[in-house]
Amino acid sequence: MSEIGWYLYGILQGPGQLRDPRPRRRQGLSDQNGSSQPLLSLRGIDPCYSLETIAYQDLIAVTSRVELEAFAPGRGRGTADETAVSWLTTKALAHQLIVERLASCGTIVPARFGMVFHSRPRVQSILEQYYQRLCLLLRHLEGRIEIGVKVFSNTEVLYPYVQKTNLDLQSLLLRVEAADTGRAYLLKRQLERKTEELARQHCLAEIAAIARTLAGAAEENRDLGVTGGVTGMPRLLFNEAYLVARDKATRFRRLIARLQLQRRNTGIQVVVNGPWPPYSFSSLDEVAAGTPTEVAR
Amino acid sequence: MNPRPAAVCDVTLLDVLDRVLQTGVVVRGDLVISVADVDLLALDLALVLGSIESILGQTAPVEKLTCRS
């Protein structure tokens, strides 16, 4: 049998949080005698093992045992075949589902995928080593959720929209239609270039407007980066995570709905994802650096 | 008029992978997979992501993966 390691899902504060509130809700409030299901009976990322907590002072790390071989460095490296993809997606989904269940019990600092430790004492020493920063982070994240917003452009809709709403382009379009074949070709090239440029400017202005609106309604935001698009596919222009107070989440979502509505059929699509446990706001380095300022107070 | 709140269960597989592989706390210590390896793993996984896109046909907001109760 392969050697065993401890896979980390996240860190919570305080014992006794790890009871799933959901079953009780389903059964109705009359059942208040702690019959809710302990989360620790949940299966881990390796379904052979259940969740285990490891405590240090008032912090608890939620882990489960895994066979080291499966997570050894190099696993899946350089392989982009369907087996690697399916292994990864299964494990990543399991990680997310467990973190999400834990988040439903209280504030969590969610761990990144793939952190495996040699022993329980090692995990405990991590809690000890980062105790102060983890406490600050947990306090900062309390009562807050993460919502993701992506903006895509679709040139098939965007270009006609830009042409329709710009007078210069409209008159150029008319000239193309009226011109003879040779001249029409040149004018058409000119129209394409101008459309492209104006669409680019339009996208930048839209992103700036969206970013301004949303930043004003969130506690914090993080740029998650955009990757190169595939030709002919909607292009990702904007990819941001927002940390939002739980009690302001509905307002935030309304704001997004308004942004979506305003841009219907314009080739700019605003897409929301989440809510997430605060993955994008769980950096210990930033806590150490004293940012966000609120944490440092 | 107040628009209805935007649906908040539009989570694609790529969204999950984005979050789980690239964000979340990283604690240094005696990791079996060192942080560098995690990064490497994530880098390789970025390659894998490309093929996930083609396998699943997901490059944009597409199918909903999970919907919370």
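For the structure given in this document, a descriptive report is provided here. (Residues numbered from 1 in each chain as written. Chains lettered and ligands numbered in written order. Predicted model: local features only at pLDDT ≥ 70, side-chain atom pairs only at ≥ 80, totals over all residues. Heavy atoms only, no water.)

Here's the deal with the overall build of chain A
Counting its regular elements, chain A contains 11 helices and nine strands. Relative to its full complement of 297 residues, chain A shows a buried share of 46%. Counting only contacts in chain A whose residues sit at least 6 apart along the sequence, the fraction spanning at least 24 positions is 75%. For chain A, the accessible surface area stands at approximately 14,900 Å², while carbon and sulfur atoms represent 50% of it. (Helix = DSSP H or I, 4+ residues; strand = E, 2+ residues; numbered from the N terminus. Buried < 20%, exposed > 50% of the residue type's maximum accessible area, 1.4 Å probe, protein only. Contact = heavy atoms within 4.5 Å. Areas by Shrake-Rupley, 256 points an atom, 1.4 Å probe, with all protein chains shown as cover.)

Quick word on the packing of helix α6 (residues 155–165) of chain A against helix α8 (residues 181–215) of chain A
All names here are of chain A. Between α6 and α8, the shortest axis-to-axis distance is 9 Å and the interhelical angle comes to 100°. Looking at the two axes, α6 sits roughly perpendicular to α8. Along the contact surface, α6 presents L158, Y159, Y161, V162 and Q163, while α8 presents L191, T195, E196, L198, A199, H202 and C203. For the contact of α6 with α8, a count of residues per class yields eight nonpolar, three polar and one charged. (Axes fitted to C-alpha atoms, helices over the stretch in contact; angles between N-to-C directions. Parallel < 35°, antiparallel > 145°, perpendicular 65-115°, else oblique. Nonpolar A, V, L, I, M, F, W, Y, C, P; charged D, E, K, R; others polar.)

Some thoughts on the packing of aromatic side chains
All names here are of chain A. What the rule picks out here adds up to four aromatic pairs over all chains. Plain terms: the ring middles of Y7 and F113 are 6.2 Å apart, the flat faces sit at 65° to each other, and that makes the pair edge-to-face. Taken together, the residues span a long stretch of sequence, with Y7 in strand β1 (residues 4–13) and F113 in the loop between β4 (108–110) and β5 (116–117) at a distance of 106 residues. Accessibility expressed as a relative area gives 3% for F113, which makes it buried. Ring centres of Y242 and F252 lie 5.3 Å apart, and the angle between their planes is 50°; this geometry places the pair in the tilted category. Residue Y242 is located in strand β8 (residues 235–245), and its partner F252 is located in helix α9 (residues 249–262); the two are separated by 10 residues in the primary sequence. (Phe/Tyr/Trp six-rings, centres within 6.5 Å; stacked < 30°, edge-to-face > 60°.)

Section: the side chain of H140(A)
All names here are of chain A. Along the polypeptide, H140 turns up in helix α5 (residues 131–141). Under the relative-accessibility criterion, H140 is labelled buried at 6%. A distance of 2.5 Å separates polar atoms of two side chains, one belonging to H140 and the other to E220. (Polar contact = N/O pair within 3.5 Å; in protein donor to acceptor, adjacent residues only side chain to side chain.)

What about the packing of α8(A) against α9(A)?
Residues and elements named next belong to chain A. The geometry of α8 relative to α9 is characterised by a closest axis approach of 10 Å and an angle of 160° between their N-to-C directions. Classified by the angle between their axes, α8 and α9 sit roughly antiparallel to one another. Like other packed secondary-structure pairs, α8 and α9 cross with a definite hand, here right-handed. For the pair α8 and α9, the contacting residues are I210, T213 and L214 in the first and F252, L255, I256 and L259 in the second. Its residues assigned to classes, the contact of α8 with α9 shows six nonpolar, one polar and no charged. (Left-handed = near helix turned anticlockwise from the far one by under 90°.)

Details of α9(A)
Think of an α-helix as 3.6 residues a turn; residues three or four steps apart then line up on the same face. Residues and elements named next belong to chain A. For α9, spanning 14 residues, the distance from its first C-alpha to its last is 20 Å, which sits close to the expected 20 Å at 1.5 Å a residue. Of the positions making up α9, those classed as buried are A249, F252, L255, I256, A257 and L259. At its buried positions, α9 is contacted by β6 (144–153), α8, β8 and β9 (268–276). (Expected span 1.5 Å × (residues − 1).)

As for the environment of A208(A)
By the element assignment, A208(A) lies in helix α8. Note: C-alpha distance between A208(A) and W6(A) (202 residues apart in sequence) is 44 Å.

What to know about the pattern of salt bridges
Oppositely charged side chains may form a pair once their charged atoms are brought near each other. Tallying each qualifying case throughout the model produces 10 salt bridges over all chains. For R144(A), the salt bridge is made with E219(A), and the minimal N-O distance between the two is 3.1 Å. With R144(A) in strand β6 and E219(A) in the loop between α8 and β7 (220–223), this pair connects stretches of sequence that are 75 residues apart. Under the relative-accessibility criterion, R144(A) is labelled buried at 13%. A salt bridge links K150(A) to D18(B); the nearest nitrogen and oxygen atoms lie 3.6 Å apart. Placement of K150(A) in strand β6 and of D18(B) in helix α1 (residues 13–22) is noted, with the two residues assigned to different chains. Connected through shared salt-bridge partners, E52(A), R65(A) and R120(A) make up one network. (Salt bridge = Lys/Arg side-chain N within 4 Å of Asp/Glu carboxyl O.)

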